[in-house]
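Structural description and commentary
Take a look at the letters that make up each chain.
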Amino acid sequence: MPSPFVPHAPSNHDHPKLHPHHLIVLAMPAHKSAQFVCHPNNRVDALPVELLSRIFTLGAGFNYLYEDSPFLLKPNQDYYPPPSSFQLLVSHVCQRWRTIALRTPTLWTTLHLGEPVHLARAATYLERCSTSSTYLLDILVDTVASEDHIEGVTLCREEIVEVFELIIPHVRHWRSFHLKIRDNQCKLQARHYLSTCGPAPLLETLQLYHFEDYGTSQNLYLATYRPPVVVFSNTVPRLRNVSLIGVNLPWLKSPYLMNLHKLELALHPDNIRPPYDSWGRMLRLSPQMQSLYLHYSGPRSESGGAGGDQQGSVPWPPGKEKIELEELVDLKLTDLEPDYLCEVAERLYLPSAKKMSWHLSWDLPNQDFSPFIDLLTRRDVVEESTGGGTQGFSVPTKVETGRQSKISISSLLSSDSDYTSQRQQESSAGLAECATDRATKTTAATATAPPRCDMRFDGPLPNLSRLETLVITALDCSPSSWQTLLRCLGGLQHLEADFRRMGMILWRVFAGTVEVDQGGAPRPPTTGSPYRVLLPRLQLLKVAGVSGTDLKREIQRRAAKSAAGPGLNFCVVRWAANLKGDDLVLDELVQRGQCKVGEGTSRNGLPAPSVKIETYYDEDEEELEEELEPEDSLDEDTSLNA
């Protein structure tokens, strides 16, 4: 079929994945001087109204803001909405397209209010979408502190009233509502409107963010002494995603905190955290919860005083009384003290967890998280081949396989006498002996297979060996605890670690240049050690603080010794143009975009495989105050605390 455009327009071969917005690009001139002659039977604007409306709707959803998370606001981060929208673009192409776009209500349901000029735009959007009786609104309101307010540029005390007067009449059509408050007077207005607006029957996502610099203890008291208010008349039957950042609710008077899919609690002093009974009720009545994020928050401690809800702390149940979240796959923990973290985690049971993110304050002293790692890795073993029983924690002889295939014990344990002795001391019942030395690739076909074992962990993640993703931005722990954790993560496929905030001794343990003996002291790896490669199923590695030489050596080591399977195929390293010249080997890897793991060609005549190299760099990240000191010996202190 000839192109409808003269000169030639790109064909489907030029655009193998032709998205709706490409139709707009092809229909518009490349520059003012270009002359386009449209064949009568092939005009884009000859498409039926229904088809154009559908294309517009698909195009507007192409950059879906909620693809990664239902929550747009992040603690201690500013939110920057997209600079332009697809619906505005198509509504300015021609009169026919504009008419169709204005009569398509679903194009005008996203309201982002961060500047005074957004108020008039939001009013126009509401007028367009409210022509339908079934419109659903996604609303974000971003205000600033009074000292940062610029009249005509930002939203603060006066503008917040206008915002609520505009959106409250449509509360029955809210689908998601995100509110960021940085001023106490703005908070009072928000309390008033949300406590008197009535039900929000279609609301699915609620995110409330209030955090400000109080300056003095008196200002802090004035801002927090009032008890929290009931919002939406306690009628939000469709609520599934809740994020409370610096905001507390009347925990005992919020019955809608149930049937949640994603829960985020952040930046809560202990006295405004939910009492443990409210915490337990919220989780137990949300059996389909998929994601839990705690950032300096969680249940109120037993020793905490009365909060704004006038309820004091309640005793926590014994550690053996677990809160089971069978569907939870994503656990994120940020800035929680080790003892508190252990107390909270010990009472959770997350059998389906696939991803754990661990963001800790690297610059706080005495933050040893070895006890938490010990809690995660506490375990028992079941020998399937003999149907043997277990010792200690009672577990079934077969582990469910619905989410991921079983992992052989050979990828988790070793017959190394020092390590076995160490774990036997940690477990009062001991561990069943297993033959775990994995046969090499050349003898795998003839070697006798060791007894098959399934491992269950007596901690919050009973299927820890099935964890697929681990993200750690800072960690202070003993090398032996770190080594134990890595040996238990036999199914891990994706590791992100910032070794600038962890200590290079932990990298050396991961890279196999150091092992830890029974007493916890680092030592060179033993000859023929069965722990050839920790995390044998690792496919993606994202690191910071590792030299190009060390990274290249580890990539090649994994290629030479990894088990059969995809192996490591992707590395992401912290690098930017302003760092060029600091590490010439890393510069070369970045420039090539790959690291070859062999020379010449492979056995089947194909080019030698390589690991793809990409970069990342967070310009807003906090720089380390002190450079890591070089490690002159294997016995030095492994703490990264500055």
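Residues numbered from 1 in each chain as written. Predicted model: local features only at pLDDT ≥ 70, side-chain atom pairs only at ≥ 80, totals over all residues. Heavy atoms only, no water.

A few points about the overall build of the chain
A count of helices and strands for the chain gives 16 helices and 21 strands. Counting over 642 residues, the chain shows a buried share of 48%. Total accessible area on the chain is roughly 31500 Å²; 50% of this is exposed by carbon and sulfur atoms. (Helix = DSSP H or I, 4+ residues; strand = E, 2+ residues; numbered from the N terminus. Buried < 20%, exposed > 50% of the residue type's maximum accessible area, 1.4 Å probe, protein only. Areas by Shrake-Rupley, 256 points an atom, 1.4 Å probe, with all protein chains shown as cover.)

Quick look at the environment of Asp270
Topologically, Asp270 is positioned in the loop between β6 (262-266) and α9 (276-284). Reaching out from Asp270, the side chain makes a polar contact with the backbone nitrogen of Ser301 at a distance of 3.0 Å. (Polar contact = N/O pair within 3.5 Å; in protein donor to acceptor, adjacent residues only side chain to side chain.)

What about the pairing of strand β19 (residues 570-574)?
In summary, the side chains of a regular strand alternate between the two faces of the sheet. With five of five residues buried, β19 lies mostly within the body of the structure. Burial along β19 is two-sided: Phe570, Val572 and Arg574 and Cys571 and Val573, pointing in opposite directions, are all buried. Pairing analysis gives four bridges linking strand β18 (residues 540-544) to β19, with the strands arranged parallel. Directly across from Leu541, in β19, lies its bridge partner Cys571. (Pairing = 2+ DSSP bridges.)

Quick look at helix α13 (residues 479-488)
Given 3.6 residues per turn, any residue in an α-helix points the same way as the ones three and four places further on. By the criterion of burial, α13 is predominantly enclosed, with 10 of the 10 residues buried. Here α13 has its buried residues at Pro479, Ser480, Ser481, Trp482, Gln483, Thr484, Leu485, Leu486, Arg487 and Cys488.

Re the environment of Glu162
Summarising the element assignment, Glu162 is placed in helix α6 (residues 157-167). Separated by 46 residues in sequence, Glu162 and Pro116 place their C-alpha atoms 9.5 Å apart.

What to know about unusual backbone geometry
Among all residues except glycine, the phi angle is most often negative; among peptide bonds, the trans geometry is most common. Within the chain, Phe232 stands out as a residue other than glycine whose phi angle is a positive 55°. With respect to the element layout, Phe232 can be found in the loop between α8 (217-224) and β5 (241-245). On the accessibility criterion, Phe232 (1% relative accessible area) is buried. With a phi close to 60°, Asn234 is a non-glycine residue in the positive phi region. Residue placement: Asn234 occurs in the loop between α8 and β5.

So, the packing of helix α2 (residues 49-60) against helix α4 (residues 95-102)
Put simply, α2 and α4 touch, their axes get as near as 10 Å, and they point 70° apart. One finds that α2 runs roughly perpendicular with respect to α4. Here Val49, Leu52, Ser53 and Phe56 of α2 lie close against α4, whose contacting residues are Arg96, Trp97, Ile100 and Ala101. Across the contact of α2 with α4, the residue classes tally to six nonpolar, one polar and one charged. (Axes fitted to C-alpha atoms, helices over the stretch in contact; angles between N-to-C directions. Parallel < 35°, antiparallel > 145°, perpendicular 65-115°, else oblique. Contact = heavy atoms within 4.5 Å. Nonpolar A, V, L, I, M, F, W, Y, C, P; charged D, E, K, R; others polar.)

Some points on the pattern of salt bridges
By the definition in use, this model includes 12 salt bridges. One salt bridge in this structure joins Glu343 and Arg347, with 3.0 Å as the shortest N-O distance. Residue Glu343 is classed as partly exposed on the basis of its relative accessible area of 36%. Put simply, Asp498, Arg500 and Arg501 are held in one network by salt bridges that share partners. (Salt bridge = Lys/Arg side-chain N within 4 Å of Asp/Glu carboxyl O.)

Points about the state of the cysteines
This model, assessed by the stated rule, comprises zero disulfides. As a non-bridged cysteine, Cys595 has Cys571 as the owner of its nearest cysteine sulfur, 7.9 Å distant. (Disulfide = S-S within 2.5 Å.)

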